[in-house]
Amino acid sequence: EAGVAQSPRYKIIEKRQSVAFWCNPISGHATLYWYQQILGQGPKLLIQFQNNGVVDDSQLPKDRFSAERLKGVDSTLKIQPAKLEDSAVYLCASSLVGTVYEQYFGPGTRLTVT
Amino acid sequence: GENVEQHPSTLSVQEGDSAVIKCTYSDSASNYFPWYKQELGKRPQLIIDIRSNVGEKKDQRIAVTLNKTAKHFSLHITETQPEDSAVYFCAASYNNNDMRFGAGTRLTVKP
């Protein structure tokens, strides 16, 4: 089965610019997660979707970050405007709904803000 | 919200020795505790997980123990090999929602 797909893999932008990341989860996975992983730290959950509804966005900096999953499949995460401290790897993960909890991670997008 | 602390931050062992990584969590409602392995520049991969209705789970050289009363859980790797070298993350959640990760442990297995 195909894994979680993300694009782009790398992105370099200047501060105050905007950027968007795309994620395609594993087919049939209703739950989708976006994580931010700063170098040397564990992943931090930004937002969790179940189908096209938001389950948790308590750690999403809503003044600059937004995410959507309009049709319950693909998702985009946007940062506008970017700050230096947003430099990180943005990981997308997906999982089934039910009693199988394993989250499968995509390869991530490495963002550098200069 | 949940807070997960992980120790040690770095661990160096000799090949063949055992390695133990410990995590504590704050939310007594948490009931799902996975462990992820992340090699340099790669994605995190689940290596073992445990739910709050059991105290221990084992898979070949890897085991996880959970103490709900003390709110801590541990990863045990026996007969370590150089390919076990990586960063290991613990995490805690309620039914896989609002997953919170520890800061990670960099394990080095010296041949």
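Every value quoted in this text rests on a predicted model; they were computed, and no experiment measured them.

Reading the values: rules and limits
Counting of residues starts from 1 at the beginning of each chain's written sequence and follows it residue by residue. Chains and ligands are labelled by the order in which they are written, letters from A for the one and numbers from 1 for the other. The model is predicted, so local features are restricted to residues of pLDDT at least 70 and side-chain atom pairs to those at 80 or more, both for listing and for counting; the totals for chains, interfaces and linings are taken over all residues. Water and hydrogen atoms play no part in the side-chain values, which are based on all heavy atoms of the structure. For helices the rule is a DSSP run of H or I covering at least 4 residues; for strands it is a run of E covering at least 2, with both sets numbered from the N terminus onward. Summary of the burial criterion: residues with accessible area below 20% of their type's maximum are buried, those above 50% are exposed, and those between are partly exposed, where the area comes from a 1.4 Å probe applied to protein chains only. Residues count as neighbours in contact if any of their non-hydrogen atoms are within 4.5 Å of one another. Per-residue accessibility takes into account occlusion by the displayed protein chains alone, with areas from the Shrake-Rupley method and a 1.4 Å probe. Only centres within 6.5 Å qualify two rings of Phe, Tyr or Trp (six-membered ring in Trp) as a pair; their planes then separate them into stacked at under 30 degrees, edge-to-face at over 60, and tilted for everything else. Two conditions define a charge located above a ring, namely a distance within 6 Å from the ring centre to NZ of Lys or CZ of Arg, and an angle within 35 degrees of the ring normal. Whenever Lys or Arg places a side-chain nitrogen within 4 Å of a carboxyl oxygen from Asp or Glu, that contact is recorded as a salt bridge. Any pair of nitrogen or oxygen atoms within 3.5 Å is treated as a polar contact; in protein, a donor-acceptor pairing is required on top of that, and neighbouring residues in sequence qualify only through side-chain atoms on both sides. Here the quantity called buried area is the accessible surface, traced with a 1.4 Å probe, that two parts lose on coming together, added over both. Nonpolar residues are Ala, Val, Leu, Ile, Met, Phe, Trp, Tyr, Cys and Pro. Charged residues are Asp, Glu, Lys and Arg, and all others, Gly as well, are polar.

### Description of the overall build of chain B
Phase 1: In terms of helices and strands, chain B carries zero helices and 11 strands.
Phase 2: Starting at the N terminus and ending at the C terminus, chain B contains elements arranged as β-β-β-β-β-β-β-β-β-β-β.
Phase 3: For the C-alpha atoms alone, the extent of chain B along its principal axes is close to 40 × 25 × 20 Å.
Phase 4: Across the 111 residues in chain B, those meeting the buried criterion constitute 45%.
Phase 5: Of the contacts formed within chain B by residues at least 6 apart in sequence, a portion of 52% connects residues at least 24 apart.
Phase 6: As presented, chain B carries roughly 5,600 Å² of accessible surface, and 45% of it is formed by carbon and sulfur atoms.

### Observations concerning the packing of aromatic side chains
Phase 1: Considering all chains together, one arrives at 13 aromatic pairs over all chains under this definition.
Phase 2: Between the aromatic rings of Tyr33 of chain A and Tyr35 of chain A, the centroid separation amounts to 6.1 Å while the plane-to-plane angle is 25°, which identifies the pairing as stacked. Across the pair, exposure class does not vary: Tyr33 of chain A and Tyr35 of chain A are buried alike.
Phase 3: Here the aromatic rings of Phe105 of chain A and Tyr36 of chain B are separated by 5.4 Å at their centres, their planes lie at 90°, and the arrangement is edge-to-face. With Phe105 of chain A in strand β10 (residues 104–105) and Tyr36 of chain B in strand β4 (residues 32–38), this residue pair bridges two chains. In terms of burial, Phe105 of chain A and Tyr36 of chain B fall into one category: buried.
Phase 4: Taken together through their ring pairs, the aromatic side chains of Tyr33, Tyr35 and Phe105 of chain A together with Tyr36 and Phe101 of chain B make up a single cluster.
Phase 5: Just above the ring of Tyr101 of chain A sits the side chain of Arg51 of chain B; from NZ or CZ to the centre is 4.2 Å.

### Quick look at the pattern of salt bridges
Pairing of side chains with opposite charge becomes possible as their charged atoms draw close.
Residue and element names in this part refer to chain A.
Phase 1: Summed over the entire model, instances satisfying the criterion amount to six salt bridges over all chains.
Phase 2: A salt bridge links Arg64 to Asp86, with the shortest nitrogen-to-oxygen separation between them at 2.5 Å. Of this pair, Arg64 sits in the loop between β6 (53–56) and β7 (65–68) while Asp86 sits in the loop between β8 (75–79) and β9 (88–95), and the two are 22 residues apart along the sequence. You'll find Arg64 and Asp86 in the same group, each marked buried.

### Things to note about the environment of Asp49 of chain B
All names here are of chain B.
Phase 1: Tracing the backbone shows Asp49 in strand β5 (residues 45–51).
Phase 2: Under the relative-accessibility criterion, Asp49 is labelled buried at 15%.
Phase 3: Between the C-alpha atom of Asp49 and that of Phe33, which follows or precedes it by 16 residues, the distance is 5.6 Å.
Phase 4: The residues touching Asp49, leaving out its near neighbours within four places in the chain, are Tyr32, Phe33, Pro34, Lys57 and Val64.
Phase 5: Side chain to side chain, Asp49 and Tyr32 meet in a polar contact 2.7 Å long.
Phase 6: Side-chain polar atoms of Asp49 contact the side chain of Lys57, separated by 2.9 Å.

### Looking at the interface of chain A and chain B
Phase 1: In this assembly, 24 residues from chain A lie in contact with 17 residues from chain B.
Phase 2: Of the roughly 1,700 Å² buried where chain A meets chain B, counting both sides, 46% is carbon and sulfur surface.
Phase 3: Contact with chain B buries area across many residues of chain A, yet Pro43, Tyr101 and Phe105 of chain A alone supply 35% of it, more than any other trio.
Phase 4: Seen at the junction of chain A and chain B, the total is zero salt bridges.
Phase 5: Of all elements in the fold, only β4 (31–37), β5 (44–50), β6 and β9 of chain A reach the threshold of two or more residues within the side of chain A that touches chain B.
Phase 6: Ranked by residues supplied to the side of chain A that touches chain B, first place goes to β4 of chain A with three residues.
Phase 7: Residues that form the side of chain A that touches chain B fall into these classes: 11 nonpolar, 11 polar and two charged.

These figures come from the coordinates and say nothing about function on their own.
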